[in-house]
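Structural description and commentary
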Amino acid sequence: MPLDAEDMIDQGLVAPERIDEIRRVARQYSVAMTKDMTGLIDTADPNDPIAAQFVPNGTELVTTAEELADPIGDDRWSPVPGIVHRYPDRLLLKPTLLCPVYCRFCFRREAVGKTPAMLQPEALARAYDYIRQRPEIWEVIVTGGDPFILGARRLADIVQTLDAIPHLGVIRFHTRVPIVDPARVTAWLVAALSAEKALWVVVHANHPRELTTAAKEAVARLVRAGIPVLSQTVLLRGINDDTAVLETLFRGLVAMRVKPYYLHHADLARGTAHFRIGIASGQRLVAGLRGGVSGLCQPTYVLDIPGGYGKVPIAPNAIRADEHVDGWIVKDSTGVEHAYPPDPNS
Ligand code: SF4
């Protein structure tokens, strides 16, 4: 069983003077942490990067003017329950709102862990019909919540139903389970993911300490089954806003055969201002990675435009046109600028 707020208090993960505020946070937002993550916490460190992700903080009770209940506009793009259809060729399918942990910075924190936590069979059937009726849908991203919290039989049903829709090319799962609750990645779960279509898994990891032996073995079970694995990371103040930490995390993931896919600028979810760094700081961190690690270890730094206008890359641009020269100015990884000739065919 994961720990709830009272378990965290009982285990001494919360300073006595913070207990009341933590209880107030738990009345507003879901709280859970797996034993795997609890075991990684250094209780002597008041700024422990694992505790900061899962143990509630009274600051969450403060909402700033720019923060939103639905920061990336899921509701605006939800034509039927369980579906978010923001882009023409792909959509999200959310069969559950449950997660093994509740990340304090989650962009869906107003929804995750709340009831009804499961998409009911009739709603799931309507969601499948929505996909079947739209031949332009090429990719379904199964997310939530965390779909890997479902039993193997339920997962297999989802995979087989999507696999049977002729116009789909890709089934993608977004999950934190292999990292935070690796024992759930059983042989049955892996077998449930067996599909004729390309099935990809995207795991979520934010700090190198999360890449435990058990997490590595869970990911290896997916990889050995022929499933390509990517990762996403949220850029978080005090947790991974440090080039060396990001470098270690991304190298660790690549060594696990996981390609870092997205580095997310933290969304404007309510009560999460203490996790956000400025975009300029994020760009400096990403620029710092550019020279230091192989391209394999470099995710795309992205921002979800508040209100549901989609994801855009926001890494610093290494090239610019210059009105004083004919051609381009391009900056190398040390910051030195070089001229690049104009296109002879333009
Ligand atoms: S696992 Fe994902 S969906 Fe669940 S709380 Fe964390 S960030 Fe949110």
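Cut-off values and rules
- Residues numbered from 1 in each chain as written.
- Predicted model: local features only at pLDDT ≥ 70, side-chain atom pairs only at ≥ 80, totals over all residues.
- Heavy atoms only, no water.
- Phe/Tyr/Trp six-rings, centres within 6.5 Å; stacked < 30°, edge-to-face > 60°.
- Lys NZ or Arg CZ within 6 Å of the ring centre and 35° of its normal.
- Pairing = 2+ DSSP bridges.
- Helix = DSSP H or I, 4+ residues; strand = E, 2+ residues; numbered from the N terminus.
- Axes fitted to C-alpha atoms, helices over the stretch in contact; angles between N-to-C directions.
- Contact = heavy atoms within 4.5 Å.
- Expected span 1.5 Å × (residues − 1).
- Buried < 20%, exposed > 50% of the residue type's maximum accessible area, 1.4 Å probe, protein only.
- Arc of directions from axis to C-beta.
- Core = buried A, V, L, I, M, F, W, Y, C linked by side-chain atoms within 4.5 Å.
- Near = heavy atom within 4 Å.
- Nonpolar A, V, L, I, M, F, W, Y, C, P; charged D, E, K, R; others polar.

Overall, the coordinates contain three aromatic pairs when judged by the stated rule. Ring centres of Y261 and Y262 lie 4.0 Å apart, and the angle between their planes is 25 degrees; on these two criteria the pair is classed as stacked. The residue whose ring lies beneath R90 is Y87, and the NZ or CZ to ring-centre distance is 4.0 Å.

Before going further, it helps to spend a moment on the sheet that holds strand β8 (residues 300-304). Ordered by their spatial adjacency, nine strands build an open sheet running β1-β2-β3-β4-β5-β6-β7-β8-β9, and the pairing between neighbours is mixed. Edge positions in the sheet fall to β1 (83-87) and β9 (311-313), since each has one partner strand and no second. Each neighbouring strand pair of the sheet contributes to a mean axis angle of 25 degrees, computed without reference to strand direction. Along the sheet, helix α6 (residues 152-163) makes contact with β2 (90-93), β3 (139-142), β4 (170-175) and β5 (198-204), crossing β4 at roughly 150 degrees. Running at roughly 145 degrees to strand β7 (residues 258-265), helix α10 (residues 243-255) makes contact with β6 (229-235) and β7 of the sheet.

Before going further, it helps to spend a moment on helix α9 (residues 213-224). The end-to-end C-alpha distance of α9 is 16 Å, a good match for the 16 Å that twelve residues give at a rise of 1.5 Å each. Of all the residues in α9, the buried ones are A215, A218, V219 and L222. Viewed end-on, α9 has its buried residues packed into an arc of 95 degrees, placing them on one side of the element. Exposed and oriented more than 90 degrees from the buried face of α9 are T213 and R224. In this structure, the buried residues of α9 make contact with α7 (177-180), α8 (187-192), β5, β6 and β7. Of the residues trailing α9, G226 is marked for its positive phi of about 85 degrees.

Next up on the list: the nonpolar core. Formed by 90 residues in total, the largest nonpolar core has its most connected members in L93, I131, V140, L162, F173, L193 and V201. Of the residues forming this core, the biggest block, six residues, is contributed by helix α5 (residues 121-132). In contact with L193, not counting residues within four places along its chain, are F148, V159, F173, L199, V201, L222 and I227.

Extensive coverage of β4 is indicated by the burial of six of its six residues. Across the two faces of β4 the burial is the same, with V170, R172 and H174 and I171, F173 and T175 all buried. Sheet topology places β3 next to β4; four bridges connect them, and they run parallel. If you follow I141 over to β4, its bridge partner there is R172.

The subject of this paragraph is the site of the ligand. Near the ligand, the surroundings consist of C99, V101, Y102, C103, C106, V112, R176 and H204. Class assignment of the residues belonging to the shell around the ligand gives a composition of six nonpolar, one polar and one charged.

Here we take up the sheet that holds strand β10 (residues 319-321). Reading across from one edge, β10-β11-β12 is the order of the three strands in this open sheet, with antiparallel pairing throughout. Each end of this open sheet is capped by a strand with a single partner; those strands are β10 and β12 (337-340). Pairwise comparison of adjacent strand axes, ignoring direction, gives a mean angle of 30 degrees for this sheet. In the sheet, β10 pairs with strand β11 (residues 328-331) via three bridges, with the strands oriented antiparallel. Following the sheet pairing, I319 is matched in β11 by V330.

Shape is all these values report; function is a separate question.
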